[in-house]
Amino acid sequence: MEAIRLENLSKAFEPLMAVDNVNLKIEQGELYSFLGPSGCGKTTLLRMIAGFEVPTDGRIFIAGQDITDVPAYKRKVNTIFQNYSLFPHMTVFDNTAFGLRIQKIRKSEIEDRVMEMLKLVKMEDQAAKFPRQLSGGQKQRIAIARALVNRPEVLLLDEPLAALDLKLRQHMLIELMNIHDAVGITFIYVTHNQDEAMSISDRIAVMNRGQIIQEGPPDDIYERPQSIFAAYFIGDTNMIPATVLGIEDNYVDLRYESKTGEGFEFDSTFQRVPELGQNITVSLRPEKIAISRSKPEDQEDFNVLKGVIEDILYLGTHTQYIVRVDDLRFRVFNQHKRVYFDDKALDWEEEVYLYWHDTDTHIIEEVEEDYRQEDLNVLDQTNLESRH
Amino acid sequence: MNRQRGFYKGMNLTLFTFAMIFLYIPIIIMIVYSFNDSKIVAGWKGFTFKYYVDLMNNENIRLAFRNTMLIAFLSTLISTVLGTLGALALENLRFKGRKLLNILVFIPLIMPDILMGVSMAMFYSFLRVKTGMLTVLIAHVTFCLSYAVIVIRSRLEGFDGSLLEASMDLGANPWQTFFKIKLPLMMPGIIAAALLAFTLSIDDFIITFFTTGRGFNTLPIYVEGGIRRGTITTINALSSLMIAATIVIVFLSRRFHKAILKHL
Amino acid sequence: MPISISEQRLDEKRNTRSWILSAPVIIWLVIFFLIPYLIIFLYSFLTTNVYDVQFRFSLDAFRQVFRPIYLKPFLLAFRLATITTALCLILGYPVAYHIARSSQKMKNYLLLLIIIPFWTNFVIRIFSWRVFLSANGVLNETLMYFNLIDEPLRLLRTDLAVILVTVYVYLPYMIFPLYSAIEKMDFTLLDAARDLGANEVTSFFKITLPLSREGIVAGIILVFIPALGTYVIPHLVGHQNALYIGQIITYKIKNIPRNWPLASALSLSLLILVSLILFFLTRRYKRERKVS
């Protein structure tokens, strides 16, 4: 059953289109994420669904009913705010009971439902406290209880974990998933954090410049990004600009044209047959590349390149190598498993071989020149953040 | 931790102490002398409660006290209610009358009181209005209004609008949201404004002096008359009582001082 | 990109709501604040018949304003305001500084110490000085008791008394804005200055004072302007032969022979003077803020 449908939804904030003609459907009980850099329009989209922003154009349907012109307080939608927005002059109990009291529900029932909900978020013994006496994680739990106690059709979560520290964030993420399983309500989750979105969502919509640029389950988005932006934004990747030299049954011959060196050729499988001579971009995830001092045995489906190690970053779970091949720099993640390691650790300035299976690359039918500088800046920013 | 050193510390402590003595000596002496058994201000003649008893039996003082409280209460009520509305209007940054309202509220604050007194006296005379309680009340509301708007507005400046969204999100309509969320959270500012208005009203001499008519006295007017007539000792006792009341009010309202001082 | 109809309507609705909310305040202030000022303006062009105004156009009032007998009260008031403001600044600054540098708990108590006299009734505060300064008042009695003087000094009804009491009454108005400005200051700057070799006097004049400028300007405005228009203080403790502008205006309105047109013209002059001072103070302040 369909929980939410957006039709041609747009919102203009002069001179910008914060949300630009968005169409989508979210199923009942789904955990759906809007993922994108700050300013991509994901929060505006959420606020339109909640009823805090009036769309410039388009319609919003909840459970099949057009609610575009219904005010926020009449929508069966509840929101978890980024800064929790707990009422400072009310106790935990009163905060949680707020929605039910507005609905003029019987007192005994309110008590039951509030306590039940506080139990669900493990805050039943804090009912008499005021928000200022709670920690960030506890406030978060109350915000969740306060919203869910009203049994909304849809729960909107606006960067709910952004204010928490890393450990707590991971912990709350699991709790959120448990709560979602327990209540079976549709969750719409807005975040700029790809790890959060990847781990929690049934489906993700990647947003940029007010538009949804790709939608699908997390693995699909990670493995088969349809744009350079999506590939960069979710996880790390190496982008190889290439030209299609030849097309075989299940792979294509590609060539990287270097500006200073000889360039190189390699093979890749494809989803859609490209045209001969077409300029495309190949995304190659750093963890898919093997690195070795000795030349690997020739294998039909492997691409092998020779390069020089420029930089080594030890990151605990894995080591990141920056390897220069011709005038390209490849990022390579090498997990610390003894079987993959040479006897002696690799060193700076060493010559190494990079190799990967030709099914591990993914062809994107775009070239980087198509991108505006601001998008690239956003991506640089995102990459920097994700690396740190 | 106190990180003041040599020059600062020495200079500060000396001048601070001096300033405190300066601020308190006249008040303390007056309180002490209110118990002095002498008709005129003179050396110590012995302890007496006599003037406090006189005070209680003085019909004029009782009337002046009643008038003061009535005016203070009504002008506080009116100016705080209107001030709250005005502050709410100023919250809308795209309000086209914002600049007008801000200027209109600001000017009375910085003009010498005497100008407001003079202008109102002429205004009433021009309209041939009989001066008395009503004219005093209107004048008091006028000068309290600006303070009320400004104190309440400053409280609203840091207001977290997402709380209102949260309330609507939870099903409260705009009216319910106003009365259950906004108003309770504005309350400290409103109380601070009311406190300030009340104090200003009680404190005022000059504007009352210009706008009152025969027979309508407030305490400051009565005290000033008493000083000129020379009924000093009763005034001593009255003043001491008023100072005591001030101290009580100041202590009771401690938590609102920051809000008031911030916008003085 | 066009704004949608519904957004425009929402904006208009909010604007209308703001007008409705602010209407009582605006109407009140226009009727009871602006119009009375207009009447001052109007009256200053009329004449008088000792008891009441006569509605006949005349520039007499303005001509009189420039007579020495009316210029002198202006000068007196200006002098009083200047001396008072300077004294308040000199005395108030260390107090504000001391409070701002105290511990949080101490701060609250010290502020209370300032607030109590500040909230004590204005007339009573002036009256308390009469008790203190009068011929057989506490100060004279004490001095005579210790044989420092043989007969009472004339302290009351002098210019000195007016200045003392004005400083006394308006000192808190100087301390509060100074306090807020100094409290906001980053005191580690002083450590930095010391680290760079500035002694305490230098760092006070180069760092503390410039950084509290906002408070100084506010304090000056809050003291200077009311001091300029003061009536009650010179009326109760001042010399009968040295009248201040506030007194002249009041007497011309209250006492017979009345002269409301003259009182209006004098008020108008005071208004202009105040506006000029405000303009001067805030303009300099704005420019300085722009530079920094």
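Residues numbered from 1 in each chain as written. Chains lettered and ligands numbered in written order. Predicted model: local features only at pLDDT ≥ 70, side-chain atom pairs only at ≥ 80, totals over all residues.

**Section: the overall build of chain A**
- Each helix and strand counted, chain A has 9 helices and 20 strands in total.
- Principal-axis analysis of the C-alpha atoms places the extent of chain A at approximately 75 × 45 × 35 Å.
- Within chain A, buried positions represent 40% of all 388 residues.
- Within chain A, counting contacts between residues at least 6 apart in sequence, those at least 24 apart form 66% of the total. (Helix = DSSP H or I, 4+ residues; strand = E, 2+ residues; numbered from the N terminus. Buried ≥ 20, exposed ≤ 12 C-beta atoms within 10 Å, placed from the backbone. Contact = placed C-beta atoms within 7 Å.)

**Here we look at the overall build of chain B**
- In terms of regular secondary structure, chain B is built from 12 helices and 0 strands.
- If you list the helices and strands of chain B from N to C, you get α-α-α-α-α-α-α-α-α-α-α-α.
- With the principal axes as the frame, chain B shows a C-alpha extent of 70 × 65 × 35 Å.
- Sorting the 264 residues of chain B into buried and exposed places 48% on the buried side.
- Sequence-distant contacts in chain B: of pairs separated by 6 or more residues, those separated by 24 or more amount to 77%.

**What to know about the interface of chain C and chain B**
- On the side of chain B, 75 residues touch chain C, which itself brings 76 residues to the contact.
- In terms of residue count, the dominant contributor to the side of chain C that touches chain B is helix H1 (residues 5-43) of chain C (20 residues).
- Of the residues assigned to the side of chain C that touches chain B, the class counts are 55 nonpolar, 15 polar and 6 charged. (Nonpolar A, V, L, I, M, F, W, Y, C, P; charged D, E, K, R; others polar.)

**Comments concerning the sheet that holds strand S1 (residues 2-13) of chain A**
Residues and elements named next belong to chain A.
- Across the sheet, 4 strands lie side by side as S2-S1-S4-S5; this open sheet has antiparallel pairing. In this open sheet, the two strands that pair with only one neighbour each are strand S2 (16-27) and strand S5 (65-66).
- Alignment of S1 against strand S4 (residues 57-62), held across 5 bridges, turns out to be antiparallel. Along S4, the bridge assignment pairs Glu7 with Arg59.
- Contacting S1, S2 and S4, helix H1 (residues 42-50) runs over the sheet at an angle of about 60° to S2. (Pairing = 2+ DSSP bridges. Axes fitted to C-alpha atoms, helices over the stretch in contact; angles between N-to-C directions.)

**So, the packing of helix H2 (residues 92-102) of chain A against helix H4 (residues 136-148) of chain A**
Residue and element names in this part refer to chain A.
- Packing of H2 against H4 brings their axes to within 7 Å, and their N-to-C directions diverge by 30°. Here H4 runs roughly parallel to H2, going by the angle between their axes. Between H2 and H4 lies a crossing of right-handed hand. Side by side, H2 and H4 meet where Val92, Asn95, Thr96 and Phe98 of the first sit next to Ile142, Ala145 and Arg146 of the second. (Parallel < 35°, antiparallel > 145°, perpendicular 65-115°, else oblique. Left-handed = near helix turned anticlockwise from the far one by under 90°.)

**Concerning the pairing of strand S20 (residues 361-364) of chain A**
All names here are of chain A.
- Side chains Thr361 and Ile363 project from S20 onto one buried face, and the interleaved His362 and Ile364 project onto a second face that is buried too.
- In this structure, strand S14 (residues 279-284) lies alongside S20, joined through 4 bridges in antiparallel fashion. When the bridges of S20 are listed, Ser283 appears paired with His362.

**Concerning unusual backbone geometry**
- That bond from Ile256(C) to Pro257(C) is cis: its omega, 5°, falls within 30 degrees of zero.
- Along the chain, Pro257(C) turns up in the loop between helix H12 (245-254) and helix H13 (260-291).
- Even without being glycine, Lys104(A) reaches a positive phi, approximately 60°.
- Mapped onto the elements of the fold, Lys104(A) is located in the loop between H2 and helix H3 (107-120).
- The class for Lys104(A) is exposed, based on 7 C-beta atoms found within 10 Å.
- Phi is positive for Arg128(B), which is not a glycine, with a value near 55°.
- Relative to the elements of secondary structure, Arg128(B) occurs in the loop between helix H5 (113-126) and helix H6 (133-157).
- What makes Arg128(B) exposed here is the crowd of 6 C-beta atoms within 10 Å.

**Side note on the sheet that holds strand S12 (residues 252-256) of chain A**
Residues and elements named next belong to chain A.
- Taking strand neighbours across the sheet as the criterion, the 5 strands line up as S13-S12-S11-S14-S20 in an open arrangement whose pairing is antiparallel. Each edge of the sheet is formed by a strand with only one pairing partner; in this case those strands are strand S13 (264-268) and S20. Strand after strand, the sheet turns through a mean of 45° between neighbouring axes, direction not considered.
- The pairing of strand S11 (residues 238-247) with S14 spans 6 bridges and is classified as antiparallel. Across the sheet, residue Met239 finds its bridge partner in S14, namely Ser283.

**Quick notes on H1(A)**
- Across the 9 residues that make up H1(A), a large majority, 9, are buried.
- What H1(A) keeps buried is the set Lys42(A), Thr43(A), Thr44(A), Leu45(A), Leu46(A), Arg47(A), Met48(A), Ile49(A) and Ala50(A).

**Some points on the confidence of the model for chain B**
Residues and elements named next belong to chain B.
- For chain B, per-residue confidence averages 88 on the pLDDT scale, and residues scoring 70 or more make up 91% of the total.
- Within chain B, helix H9 (residues 206-211) carries the highest mean pLDDT (96), whereas helix H12 (residues 257-262) carries the lowest (65).
- Across the interfaces of the predicted complex, the ipTM metric reaches 0.90, alongside a pTM of 0.84. (pLDDT = per-residue confidence, 0-100.)

**Concerning the environment of Phe159(B)**
All names here are of chain B.
- Summarising the element assignment, Phe159 is placed in the loop between H6 and helix H7 (162-169).
- Owing to 14 C-beta atoms within 10 Å, Phe159 belongs among the partly exposed residues under this scheme.
- Counting along the chain gives 27 residues from Phe159 to Met186, while the straight-line C-alpha distance between them is 8.7 Å.

**What about the packing of helix H3 (residues 68-100) of chain C against helix H10 (residues 213-228) of chain C?**
Residue and element names in this part refer to chain C.
- For the pair H3 and H10, interaxial distance at closest approach is 8 Å and the crossing angle is 145°. In the packing of H3 onto H10, the handedness of the crossing is right-handed. In this structure, H3 uses Ala77, Phe78, Leu80, Ala81, Thr84, Thr85, Cys88, Leu89 and Gly92 to contact H10, whose residues at the interface are Ile216, Gly219, Ile220, Val223, Phe224, Ala227 and Leu228.
- In terms of residue class, the contact of H3 with H10 is made up of 12 nonpolar, 4 polar and no charged.

**Examining the pairing of S11(A)**
All names here are of chain A.
- Pairing of S11 with S12 involves 4 bridges; the strand directions are antiparallel. When the bridges of S12 are listed, Val244 appears paired with Leu254.
- Here S11 folds back onto S12, and the loop between the two strands holds 4 residues.

**Things to note about the nonpolar core**
- Judged by nonpolar contacts, the single largest core of 156 residues is most densely connected at Val118(B), Ala193(B), Ala96(C), Ile126(C) and Val165(C).
- Residue contributions to this core peak at 17 residues, all from helix H7 (residues 159-183) of chain C.
- The contact partners of Ile126(C), leaving out residues within four places of it in the chain, are Val165(C), Val169(C), Val232(C), Ile233(C), Leu236(C) and Val237(C).
- Formed by 103 residues, the second largest nonpolar core is a distinct cluster that contains Leu31(A), Ile80(A), Phe98(A) and Ile204(A). (Core = buried A, V, L, I, M, F, W, Y, C linked by C-beta atoms within 7 Å.)

**Regarding the environment of Thr76(B)**
All names here are of chain B.
- Mapping Thr76 onto the fold places it in helix H3 (residues 59-91).
- Linking Thr76 and Leu196, residues 120 residues apart in sequence, is a C-alpha distance of 8.5 Å.
- Ignoring sequence-local partners within four residues, the contact set of Thr76 consists of Cys144, Ala194, Ala197, Phe198 and Ser201.

**Comments concerning H3(C)**
- Here H3(C) spans 46 Å end to end across 33 residues, near enough to the 48 Å set by a 1.5 Å rise per residue.
- Taken as a whole, H3(C) carries its principal kink of about 30° at Gly92(C); the proline Pro94(C) stands between one and four residues after it. (Expected span 1.5 Å × (residues − 1). Bend = angle between axes of the 7 residues up to and from the residue.)

**Let's talk about the environment of Ile110(B)**
- As for its placement among the helices and strands, Ile110(B) is situated in helix H4 (residues 98-110).
- A tally of 16 C-beta atoms within 10 Å means that Ile110(B) is categorised as partly exposed.

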